[in-house]
Structure formats: structure tokens, C-alpha cells
Protein chains: 2
Amino acid sequence: MVTIYDVSERAGVSLATVSRVMNNNARVSDKTKAKVLQAMADLGYRPNAIAKGLASSRSNSVGVLISELHGPFYGMMMSAIETELRKHDIHSIFAAGHSDAAKEEDAVNFLLSRRCDALILYVEAVSDEFLVELNKRGTPIVVLGRDIKNLQPQCINLDNEQGGYLAAKYLLDAGHRDIAYISGPLWKVDTQDRLAGHRRALAEHQLTFDESLLIEGDFQEEGGVDGLNKLLSSGRPFTAVACGNDEMAAGAMAAARDAGMTLPDDLSIVGFDNVAYSRFVYPKLCTVNYPVREMAEMATHWVLRQVYDHTRFEIENTFTPVMVERNSVLRVQK
Amino acid sequence: MVTIYDVSERAGVSLATVSRVMNNNARVSDKTKAKVLQAMADLGYRPNAIAKGLASSRSNSVGVLISELHGPFYGMMMSAIETELRKHDIHSIFAAGHSDAAKEEDAVNFLLSRRCDALILYVEAVSDEFLVELNKRGTPIVVLGRDIKNLQPQCINLDNEQGGYLAAKYLLDAGHRDIAYISGPLWKVDTQDRLAGHRRALAEHQLTFDESLLIEGDFQEEGGVDGLNKLLSSGRPFTAVACGNDEMAAGAMAAARDAGMTLPDDLSIVGFDNVAYSRFVYPKLCTVNYPVREMAEMATHWVLRQVYDHTRFEIENTFTPVMVERNSVLRVQK
DNA sequence: TTGAAAGCGATACCAT
DNA sequence: ATGGTATCGCTTTCAA
């Protein structure tokens, strides 16, 4: 492997000078610069990011912790982050936390030992205090998908309550009154917020939520399948079901059809997230848009500015969901 | 940041000894080991992976180049690789090549400058020669999704031709004779192979493929939509369509329905890949299973053994696709 | 504008 | 079993 020494020797200049032209952060005469560049080209020199990292105590990498590396939601997130960072020659280290506190902490330690310059975290299980403490440890962090009191300026979140409200309101406005709900895991804050919004919409219509129409799911397709089957076998009547996310909505659709129902005639369904494939299930899914890409980009820009540019950057802390109307909801006459 | 120096001082031992207990690769008395461990705990020591990398000329990271970071197919791949590697405290650096030769080369250079210990590559646009040359550069590589003559033992691929054959045969056995094909980009080898298999199945039935029933798509949902619309407006009759992958199949389904068709009665559809959501489109998609997870794990094991363990490991070079029967194909009587 | 030299935080060889 | 020390490839004062 050719090093900076080889280049300096070949160009007949010092190590320092070679370093300067690499980072072109100091004045170097055009003539020497040309010599150095030529030497690099001749030798096929490639800078060693590891050595650079050690010397500058900057790894030029940012750690990204998300729940899973697969799935349409996280896919968007990773894609947005990697694209933006790599433009700046920074690499992203992705790690999965699997929605489990121990695994999330593990992943954080892993990323920290990698000496990431910053961390972008979408964590679900770890406590607020953990994050507050982590923040004090020196590595800048930005938190996606949570609101933490003592970390406000570094949090980027969607107004989930409002999202849940919009979905329910959409169903209510279409004339539905018996509305079931297949939620994500109840311990997750997102789940709770969306459900709270759902309740608020019902309350606005002087309806109280029938708790027996609430099924706890897992944010996966299978959870939607199981959820709908449970609802069906409960015998309780319902004309619509709101789902905690699109995956479960897709599962619920499949289960409904397996049970012999026609959609949306026999059952109206709304999802949440607006993942790519929600447009390609049948019927096309009405859902709440979660602007993941924008939020991920916001997080990345914060890191870029705050950490690498040393310039302040005000984050847009709360994103607003909007309803995406498609064909999975039937208007019923009252 | 606390370093190995601090630990050695606190424990009253030398640097070397601290290093030994960290890597426990040399004999250290239980007593000193305990002292060192205690000192580490007291100080909250975290090894600096960067420094370790420089000193050992092992970054403990492997570069993974795939076409996109989103999408169900690559999601599975990343997930499988990351899980396996992190068990061994190795991190994966994912980079997107976007199916473009220049961008793929760019990404390779990026990963190389990161001093990855090995590269797992799913590249589509770059030439075979490029990969052969790359392989000579010292960093071990394993290639997914391609067969390269002079790189055979490091290639892991699916028998795409056989997959294309199976899909077409399935349609033929169900009685279909007028079969359209929405392919991926024609310059991609996967596309060509799958199409070749398709043709072989037709030939076995004494049918020749009607070229006007071939539409070039893009492996995305939208490509399936466009593809089906083109087929429809061509006026040519067809009772079934085979798609280059599941995403396009989902798009084709949506387009068919938008055109007023009932599925699978008016049109039978098969996909390719068996991505997670293919089970949740309607009707449930008949498709060809692509064992991505297994293939990714195979690649990872190769790297683990060959690079980190210095023990030989024979790769299973070719995986066999199987047909997954579901409900998107109608049996027609002859 | 350029050079000399002291780190950065580990590893690993050579002694003891 | 333990310690001393050169080394990895680059950055970054400090001088010149």
C-alpha cells in the first residue's frame, strides 16, 4: 500500500505538505501542489481513512441505529442518510437495535467503540434517561422518532397523535362508527400516541372507543393477519379498522379476504406510514404519510452542519402527517 | 476518552499486558488479568477501534456494496450480513451503487479507502474485468449475483435461467399459451438469464416467444405499471404475464385492476424473488423464491472464515430457485 | 509557503 | 508471564 511517505518522497516535499494538498486547507503554491498531485497519481495513492481518523480523532463516520435493517420504513431512512453522507465522504455505520433495550444499548456501545463522530438514533426500547446520559458522553446525537424533554433541540419526530387523529377522522367522515384498531406493541410511544389521536377523533364525534375492538399487534404483516382474525372471531361488529402501520394493514387485508370478505365493501382499512408498497396492495391503501426521508435528511443535515461544519443548525423538530386518500375506505351513508 | 495508557497505569501493569487481556490471545496470570479488568471497569474504558485498526492493519469492517439501500430484496441482504458480522464485532459499511458503473466504481473506492478487510459485492453495471482486477488488489472480495469465469470460487449466484424457466413452466402447465413478459433492464445479466429460461420453457412446449409481448421494465413497481399498460394498449392478446421481479408484478397487478380487470380471472401473473410483501398483494403472488438471506449468509461466512479465521471455506456457488405457488395464476382448460 | 517532529491509541516483536 | 518500544499512516502545532 502506498502511503503519504511515498508520495512525499516522490514529490520531493515534506509529509506536511502532502497532507496539506490532500485536505487543501492551507496555502500551498500551485507548483508544489501540482508536483504532489502528480506523484499521487503516479503512485496510485489512496488515503488511509483509518490513519486519518486516528490522527485527527475524527472517524468521518456516523453511526445509525435503527430497529431493523429490512422493511420499507427503515430502508427509506438508510437510503436518505447514506446518500447525503457519502456526498461528503463520510460513511454510515448501520446497526440494528431490534426494539429491545439490551440490544439497543449494545448497538450504541458498538457504534461508540467505532468512534463515530455522531449518532443518529431511532431507538424504541431504551429509556429517555439513557439517551440524556448518552448525550453527555461527548458524541453528538440526534434522536429520530422521539420527543425527549431534556434533548428537545436534537429530537426530530412526527406528530403521531395527530396522525392517529387524521386516520380516525377520515374513517368517521366517511360515515363509519364501529371502528376497530390494530395497534403496534402497546409499550411503544408511537403506538400510544397514535391511539390517543384515534381516541380524540372518536371523542369529537361523541363516541367512546370500544376497548374490545382494540387488538395489540406487532407492526408486522403477520400481526395484521392475527389481529383481524381475532377481531372477526370476537363476534363484535365493525365496518372499519385502523391499523398502526401499513404492514399490518396489508396483513389485515389479506386476512379479511381469506375470511371471504370483499374489500373495501365489507371492510374499510386505513394504515399509517405511507410506505412504498401501500400503493400496490389492493385496494390501494388510505394511509397517513410519514415523511421519513425528509426527517432522515434533516437529521443528516444537522450532523453535517453541527459536527463537521461547526455551524449551528436549527432543526425542524416536529413534522406534520397528512392523510393520503386512496381506495381502501368505503363511504357509507348514515 | 480513557485509553489503554490510563488502564495500564491504574492497574500497575504495562501497555502490552493490557493489550493481552483485551484480546486474550496470550497467557496472562489470573491475578493480573483481574487487576486489569477491574481497572477497565473503574475507568469505563472502551477500546478505540480506529487505533486498533491502524496498529493491526485490520479495520474489522467489511464493505458491502449493493444497488440500493431500500427495497425488500436488499433489506434482507443487509439484515443477514449485519447480524452475522456484528456477532463477531465487525461492522458493515453499506454503500449504494445504483446500478451505474461509475457510481459502483466510486463506491468501491470509497469502501477501499475505508480500509475494509473484505468486500461483499452485489454489483450490476461494472464489468467482469473490473472485478477480476479489483480482486488482485489485495482486499478479498466475494461477489453476489454474478458468475465470473476467473473468480468462480468467490461467486455466489442464483440459477436465474432455471428460475425464469420455472415461472414460465408454471404458467404453461396451468394452460396458458399467450404469455407476456415484463423484464428488468435488458442490459442486466439477471434479466437476460431469466428471459432465457422463459424462452426455454416455451420452446419445450413447441412455442416461440412473441417478441411483441416483451416489455422492458426497471425492476420497480412503476415499471410494472407502465409495462402492463403498454401491453394492454398494444392490442395483442395475452392471458398471463411473467414479471422479472415481484415489485413489477405488484405494479402490473395494480395497473391491470385500474384497467378494469379482475385478477386472476382476467389475467394471471407470476413474479420473481419472493420478497416479503409478495404474500400480501392480491391475489397472493405466485413467484420464484430467491434465497437472498441464505446467499448473504454464505457470503458472510466465507469472509468470516477466509479473512478473519484464516481457514478455508468452500462456498456453495449456485443456489437453486423453487416455485412458490399461491393464488395469482388461474388454471385454464385447453 | 514549507518542513520537522510530536502525537493519536492501539499492536506485536523482542527481551527479560 | 510481563515489560519496553518501535510502528501503523496521517494531522497538526511550531519554527523557519
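Please refer to the structure placed before this passage.
What you see is a predicted model, and the numbers here were worked out from it, not measured in a lab. (Residues numbered from 1 in each chain as written. Chains lettered and ligands numbered in written order. Predicted model: local features only at pLDDT ≥ 70, side-chain atom pairs only at ≥ 80, totals over all residues. Heavy atoms only, no water.)

K.L.:
Explain helix 9 (residues 189–204) of chain A to me, please; I cannot follow it from the model alone.
P.N.:
For the α-helix, the turn length of 3.6 residues means that residues three or four positions removed from each other point alike. All names here are of chain A. With 16 residues, helix 9 should cover 22 Å at 1.5 Å per step; its first-to-last C-alpha distance of 23 Å lies within 8% of that length. Listed in full, the buried residues belonging to helix 9 are Asp190, Thr191, Arg194, Leu195, Gly197, His198, Ala201 and Leu202. With its buried residues spanning 155° around the axis, helix 9 presents them on a single face. Against the buried residues of helix 9 lie helix 8 (160–173), strand 6 (179–183), strand 7 (214–216) and strand 8 (240–243). Backbone geometry just after helix 9 places Gln206 at a positive phi near 60°. (Helix = DSSP H or I, 4+ residues; strand = E, 2+ residues; numbered from the N terminus. Expected span 1.5 Å × (residues − 1). Buried < 20%, exposed > 50% of the residue type's maximum accessible area, 1.4 Å probe, protein only. Arc of directions from axis to C-beta. Contact = heavy atoms within 4.5 Å.)

K.L.:
Would you mind going over the side chain of Asn245 of chain B with me for this structure?
P.N.:
All names here are of chain B. Inspection of the secondary structure assignment puts Asn245 in the loop between strand 8 (240–243) and helix 11 (246–258). Within the structure, Asn245 has its side chain in polar contact with the backbone oxygen of Phe219 (distance 3.0 Å). A distance of 3.3 Å separates the side chain of Asn245 from the side chain of Glu247, its partner in a polar contact. Apart from the residues lying within four places of it in its own chain, the contact partners of Asn245 are Arg194, Phe219, Gly271, Phe272 and Asp273. (Polar contact = N/O pair within 3.5 Å; in protein donor to acceptor, adjacent residues only side chain to side chain.)

K.L.:
Honestly, the environment of Ala95 of chain B in this entry has me stumped. Any pointers?
P.N.:
Among the structural elements, Ala95 of chain B can be located in strand 2 (residues 91–96). Classification of Ala95 of chain B by relative accessible area gives buried; the value is 0%. Ala95 of chain B sits 26 residues away from Leu69 of chain B along the chain, and the two C-alpha atoms are 7.6 Å apart. Aside from chain neighbours lying at most four places away, what touches Ala95 of chain B is Glu82 and Arg86 of chain A together with Val64, Leu65, Ile66, Leu69, Ala107 and Leu111 of chain B.

K.L.:
It is not clear to me how the packing of helix 10 (residues 221–234) of chain B against helix 11 of chain B should be interpreted in this structure. Could you clarify?
P.N.:
Helix-helix packing: each pair is described by the crossing angle between the helix axes and the interaxial distance. Residues and elements named next belong to chain B. Axis separation between helix 10 and helix 11 bottoms out at 6 Å; the angle between their running directions is 45°. For the element pair helix 10 / helix 11, the angle class is oblique. Crossing hand, helix 10 versus helix 11: right-handed. Along its contact with helix 10, which presents Glu221, Gly223, Gly224, Val225, Leu228 and Asn229, the element helix 11 presents Glu247, Met248, Gly251, Ala252, Ala255 and Ala256. For the contact of helix 10 with helix 11, the per-class residue count stands at six nonpolar, four polar and two charged. (Axes fitted to C-alpha atoms, helices over the stretch in contact; angles between N-to-C directions. Parallel < 35°, antiparallel > 145°, perpendicular 65-115°, else oblique. Left-handed = near helix turned anticlockwise from the far one by under 90°. Nonpolar A, V, L, I, M, F, W, Y, C, P; charged D, E, K, R; others polar.)

K.L.:
Sorry, what's going on with the interface of chain A and chain B here?
P.N.:
The extent of an interface is frequently quoted as the accessible surface area lost upon association of the parts. Between chain A and chain B, the contact holds 50 residues from the first and 50 residues from the second. Both faces considered, chain A and chain B share a buried interface measuring about 4600 Å² in area, 60% of it formed by carbon and sulfur atoms. Between chain A and chain B we count three salt bridges in total. Asp258 of chain A is the salt-bridge partner of Lys284 of chain B, the closest N and O atoms lying 2.7 Å from each other. Counting across the chain A and chain B interface gives 23 residue pairs in polar contact (both at pLDDT 80 or more). Every element with two or more residues in the side of chain A that touches chain B is listed here: helix 4 (49–56), helix 5 (72–87), strand 2 (91–96), helix 6 (101–113), helix 10 (221–234) and helix 11 (246–258) of chain A. When grouped by side-chain class, the residues that make up the side of chain A that touches chain B number 24 nonpolar, 13 polar and 13 charged. (Buried area = accessible area lost by both parts, 1.4 Å probe. Salt bridge = Lys/Arg side-chain N within 4 Å of Asp/Glu carboxyl O.)

K.L.:
How do you make sense of the relation of the copies chain A and chain B when you look at a structure like this?
P.N.:
The operation relating the two chain copies consists of a rotation about an axis and a shift along that axis. Between the two copies, chain A and chain B, the superposition gives an RMSD of 0.1 Å; the rotation angle is 180° and the shift along the axis is 0.0 Å. Here the symmetry operator amounts to a two-fold rotation axis. Taking C-alpha positions as reference, the residue of chain A nearest the rotation axis is Val281 of chain A, located at 2.5 Å. Most of the interface of chain A is mirrored in chain B, where 100% of its interface residues again form contacts. (Least-squares fit on C-alpha atoms with pLDDT ≥ 70 in both.)

K.L.:
Any chance you could explain empty space enclosed by the protein here in plain terms?
P.N.:
Over the atoms rolls a probe the size of a water molecule, and its path tells where empty space is left. According to the stated counting rule, one finds seven cavities of 30 Å³ or more in the structure shown. Taken as a whole, the largest cavity encloses approximately 170 Å³ of empty space. For the largest cavity, the lining is made up of 14 residues, of which Ile50, His91 and Arg114 of chain A together with Ile50 and His91 of chain B are closest to its centre. Elements with a contribution of two residues or more to the lining of the largest cavity: helix 4 and strand 2 of chain A together with helix 4 (49–56) and strand 2 of chain B. In terms of residue class, the lining of the largest cavity is built from six nonpolar, six polar and two charged. (1 Å grid on protein atoms, 1.4 Å probe; cavity = no way out; pocket = protein on both sides within 12 Å on 5 of 7 lines; lining within 4 Å. Points joined across faces, edges and corners; volume = space filled by probe spheres on them.)

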